[in-house]
Amino acid sequence: MGAHNKSIPIEIMEILADDADERVRFNVATKNRLPESLQMKLAKDLDSSIRKRIVYNKKVTFRVLTILLNDDDEDIRVLAKNRVDEGRHR
């Protein structure tokens, strides 16, 4: 890879965020350049591991964290609350 670390175009991320394979969606959730619209979409994913990965995304926005504060999964709610409390969001 070296110095040519190309980021995935947003149009491609949009397609991959709808992929049937949760591993593909999980991978999208790790991307730092993920626009808020896709963070929102993945924050509502049926797979809890993907929602949890969004909490850990370095560029997660406050709006997205507020959605995750009401997640069905207690771990995700706690992680989201910690990030909000620590002010670690965009």
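First, a word on scope: everything that follows refers to the structure included in this document. What you see is a predicted model; the values in this text were computed from it and never measured. (Residues numbered from 1 in each chain as written. Predicted model: local features only at pLDDT ≥ 70, side-chain atom pairs only at ≥ 80, totals over all residues. Heavy atoms only, no water.)

What follows is about the packing of helix α4 (residues 48-56) against helix α6 (residues 74-85). At a minimum axis distance of 9 Å, the contact between α4 and α6 shows a crossing angle of 10 degrees. On the basis of the axis angle, α4 is roughly parallel to α6. Facing S48, R51, K52, V55 and Y56 of α4, the residues of α6 in contact are D75, I76, L79, A80 and R83. Residues that form the contact of α4 with α6 fall into these classes: five nonpolar, one polar and four charged. (Axes fitted to C-alpha atoms, helices over the stretch in contact; angles between N-to-C directions. Helix = DSSP H or I, 4+ residues; strand = E, 2+ residues; numbered from the N terminus. Parallel < 35°, antiparallel > 145°, perpendicular 65-115°, else oblique. Contact = heavy atoms within 4.5 Å. Nonpolar A, V, L, I, M, F, W, Y, C, P; charged D, E, K, R; others polar.)

Applying the stated criterion to the full structure yields eight salt bridges. Note that D21 and R23 form a salt bridge whose closest N and O atoms lie 2.9 Å from each other. Overall, R23 belongs to the exposed group, its relative accessible area being 64%. We note a salt bridge from D45 to R25, for which the minimum N-O separation is 2.6 Å. Note that D45 is positioned in the loop between α3 (36-43) and α4 and R25 in helix α2 (residues 22-29), a separation of 20 residues in sequence. Overall, the relative accessible area of 10% leaves D45 in the buried class. Take R25: its relative accessible area is 11%, and that puts it in the buried class. (Salt bridge = Lys/Arg side-chain N within 4 Å of Asp/Glu carboxyl O. Buried < 20%, exposed > 50% of the residue type's maximum accessible area, 1.4 Å probe, protein only.)

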